[in-house]
Amino acid sequence: MIKYRLIREGAARAVADLEFHEAQAATDGVLALAHHPRYVDLVSRGALPEQVQKDIGFPWSPEMVERSRRSAGATIAACRSALEQGVAINLAGGTHHAYADRGAGFCVFNDAAVASRLMQAERRAARVAIVDLDVHQGNGTASILAKDDSVFTLSLHGERNYPFEKERSDLDVALPDGVGDADYLAALEAALAQLMARFAPQLIIYLAGADPHEGDRLGRMKLSMDGLAARDTLVFELGRQQRIPIAVTMAGGYGKNIEDTVAVHVQTITLASRYAADWN
């Protein structure tokens, strides 16, 4: 959990005039745009079945519920800000393993799915693309949005990594263990081209996971810092060229050295700030 404080401190040092805003908690009604109301209620009351709580990976507490609501609320706020200013960032989020009726993998509520649906309900963006570059497949996101043609789900992930039973996104690109910069970037470039050929997003929610980094304990990939910068640049450049607002979430990162994970995230934030300057 300390990485979130370190990311905030690192971002404040790296980007001048960065504005920080406290996220508001997502309400039951907003969460119900992507989650079963009964699941939201059980989470709120601490009444989840023991196995479901174990699958989430956090012990229940009122603070856990509040954090989960605010993490979703931060992605909502980032989407609203991005639609006005070109880019905005949730310094947490990317909780893509949460299904409509259950959580998993340290994910309680699916912030990208909730935010997508709310932007549509508020008539801010009719078509949303979720570009998930966490090393783990966004299985919960794919499941929630499986029959929703107005949200395009793209997941570039490790073929043999968690979750071991994958869902079907609109576009899945499964990569082998040990993939390096060149092959990863070629796969991403082709995937983004296919996204744009099949869909016309008015907003991109970008899960900028740090876990493809070569120093990550769980990632199984071998991307360098330069490779991750090139990854981010491909996404931001697509947004700049097509004038598509981008809301960024941090998603996963489990570096052997926490400083490496923080450095990846701060690098993403720094690149995003340059994109914001170009937008304006």
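This text goes with the structure placed above it.
First, a word on what this report is: a plain description of the structure on this page. The numbering scheme is per chain: residues are counted from 1 as the chain's sequence reads. Reporting of local features is limited, given that this is a predicted model, to residues whose pLDDT is at least 70; pairs of side-chain atoms are given and counted only at 80 or more, and all residues count toward the totals for whole chains, interfaces and linings. Here the side-chain values reflect all heavy atoms present in the structure, with hydrogen atoms and water set aside.

## Some thoughts on the pairing of strand S4 (residues 171–175)
Relative accessible area decides the class of each residue, using a 1.4 Å probe on protein chains only: under 20% of the type maximum gives buried, over 50% gives exposed, and in between gives partly exposed. Comment: elements are numbered from the N terminus, with helices defined as DSSP H or I runs of at least four residues and strands as E runs of at least two. Burial along S4 is one-sided: the residues Leu 171, Val 173 and Leu 175 are buried and none of Asp 172 and Ala 174 is. A pair of strands counts as paired when DSSP detects no fewer than two bridges linking them. One ladder, built from five bridges, connects strand S3 (residues 151–158) with S4; its direction is parallel. Directly across from Leu 156, in S4, lies its bridge partner Val 173.

## As for the pairing of strand S5 (residues 203–207)
The buried fraction of S5 is high, at five of five residues. Every second residue of S5 is oriented toward a common face, with Leu 203, Ile 205 and Leu 207 on one face and Ile 204 and Tyr 206 on the other, all of them buried. Pairing between S5 and strand S6 (residues 246–249): four bridges, direction parallel. Each bridged residue has a counterpart across the sheet, and for Leu 207 the counterpart in S6 is Thr 249. When the strands point away from the viewer and the path from the first strand over the helix to the second turns clockwise, the crossover is right-handed. Each parallel crossover has a hand, and the one from S5 via helix H9 (residues 225–242) to S6 is right-handed.

## Quick word on the nonpolar core
For our purposes a nonpolar core is just a set of buried Ala, Val, Leu, Ile, Met, Phe, Trp, Tyr and Cys residues, chained together by side-chain atoms within 4.5 Å. Residues Tyr 184, Tyr 206 and Phe 236 are the most contacted members of the largest nonpolar core, which totals 47 residues. At nine residues, helix H10 (residues 258–279) tops the list of elements feeding residues into this core. One finds Ala 26, Cys 79, Ala 115 and Met 119 within the second-largest nonpolar core, a separate group that totals 39 residues.

## Re the packing of helix H5 (residues 62–85) against helix H6 (residues 111–121)
Across the interface, H5 lies against H6 with an axial gap of 9 Å and an inter-helix angle of 45°. With respect to H6, the element H5 is oriented oblique. Every pair of crossing elements has a handedness; the one defined by H5 and H6 is right-handed. In contact with Ser 71, Ala 72, Thr 75, Ile 76, Cys 79, Arg 80 and Leu 83 of H5, H6 contributes Asp 111, Val 114, Ala 115, Leu 118 and Met 119. Lines are fitted to the C-alpha atoms to define the axes, a helix being fitted only along its stretch in contact, and any angle between axes, read from their N-to-C directions, falls within 0 to 180 degrees. Angles below 35 degrees are treated as roughly parallel, those above 145 as roughly antiparallel, those between 65 and 115 as roughly perpendicular, and all remaining angles as oblique. When the near helix sits turned anticlockwise from the far one by under a right angle, the crossing is termed left-handed; a clockwise turn instead gives a right-handed crossing. By the convention used here, residues are in contact when the closest approach between their heavy atoms is within 4.5 Å.

## A short note on the pattern of salt bridges
Any carboxyl oxygen of Asp or Glu that lies within 4 Å of a side-chain nitrogen of Lys or Arg is treated as forming a salt bridge with it. The tally for this structure, following the rule as stated, stands at 14 salt bridges. Here Glu 22 ties to Arg 70 by a salt bridge, and the two come within 3.1 Å at their closest N and O atoms. Note that Glu 22 is positioned in the loop between helix H1 (2–14) and helix H2 (28–31) and Arg 70 in helix H5, a separation of 48 residues in sequence. Judged by its relative accessible area of 64%, Glu 22 falls in the exposed class. Overall, the relative accessible area of 28% leaves Arg 70 in the partly exposed class. Glu 50 is the salt-bridge partner of Lys 54, the closest N and O atoms lying 3.4 Å from each other. Of this pair, Lys 54 and Glu 50 both sit in helix H4 (residues 50–56), four residues apart, roughly one helical turn.

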